[in-house]
Amino acid sequence: FAPDLDLDELRVVPTLTLSETDDLLLPLRWVALLEGRVDTGLAVTSGVHDAAGVAKALLAGADVAMMASALLRHGPGLVATVLADLRSWMAEREYDSVDQLRGSVSARGVADPAAYIRSNYLQALTSYASTFPT
């Protein structure tokens, strides 16, 4: 819910831009880095649209995953589907509880925590294959 600026009228224009699945990436990184380092609950508040997004948020260390854009698009019935899909995902991987999976892929829970820090940026850029002709 961020305002935009109308360049012709020079006024503030209220806008509503719903999140997309890719918007989950930055919150995942920060939750994974902060999990266990701050004495507060953590919430992923952007880009969660399905059970996969909820699972990723929890694995990174979030206490909650918020789905406002998905619910605005698909209605409150989506919650039952997401919960059922999350339960199935957890059962397939033999997770007994959300507490068991929470934070298990945070920076503290992975073998290579550098995957979450800026040094990984160069690797991501150098391995990117552009679709533009060279």
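Conventions used here
Residues numbered from 1 in each chain as written. Predicted model: local features only at pLDDT ≥ 70, side-chain atom pairs only at ≥ 80, totals over all residues. Heavy atoms only, no water. Helix = DSSP H or I, 4+ residues; strand = E, 2+ residues; numbered from the N terminus. Rg over C-alpha atoms; globule rule 2.2 N^0.38 Å. Buried < 20%, exposed > 50% of the residue type's maximum accessible area, 1.4 Å probe, protein only. Contact = heavy atoms within 4.5 Å. Areas by Shrake-Rupley, 256 points an atom, 1.4 Å probe, with all protein chains shown as cover. Lys, Arg positive; Asp, Glu negative; His and termini not counted. Charge placed at Lys NZ, Arg CZ, Asp CG, Glu CD. Core = buried A, V, L, I, M, F, W, Y, C linked by side-chain atoms within 4.5 Å.

### Regarding the overall build of the protein chain
- Counting secondary structure elements, the protein chain contains six helices and four strands.
- Overall, the protein chain shows an N-to-C arrangement of helices and strands of β-β-α-β-α-β-α-α-α-α.
- A compact globule built from 134 residues would reach a C-alpha radius of gyration of about 14 Å, whereas the protein chain, at 18 Å, exceeds it by more than 25%.
- Projected onto the principal axes, the alpha-carbon positions of the protein chain cover approximately 55 × 45 × 40 Å.
- For the protein chain, the residues scored as buried account for 28% of the 134 residues in total.
- Contacts spanning at least 24 positions in sequence make up 50% of the contacts within the protein chain whose residues lie at least 6 apart.
- Per element, the accessible surface of the protein chain, about 9,400 Å² overall, is 58% carbon and sulfur.
- The average position of the 10 basic charges and that of the 17 acidic charges among the side chains of the protein chain differ by 5 Å.

### Describing helix H1 (residues 25-34)
- Of all the residues in H1, the buried ones are Pro 27, Leu 28, Val 31, Ala 32 and Leu 33.
- Buried residues belonging to H1 abut strand E3 (43-44) and helix H2 (51-60).
- Gly 36, located one to two residues past H1, shows a positive phi value of around 80 degrees.

### Regarding the nonpolar core
- Membership of the largest hydrophobic core comes to 25 residues, with the highest contact counts inside it found for Val 31, Val 44, Val 48, Val 54, Met 67, Val 82 and Leu 86.
- Looking at this core, the elements that each hand over two or more residues are H1, H2 and helix H4 (78-92).
- The greatest single-element share of this core, amounting to seven residues, is contributed by H2.

### Thoughts on the environment of Glu 92
- Here Glu 92 lies in helix H4.
- When its relative accessible area of 61% is taken as the criterion, Glu 92 is described as exposed.
- When the C-alpha positions of Glu 92 and Ala 32 are compared, they lie 23 Å apart, and in sequence the two are 60 residues distant.

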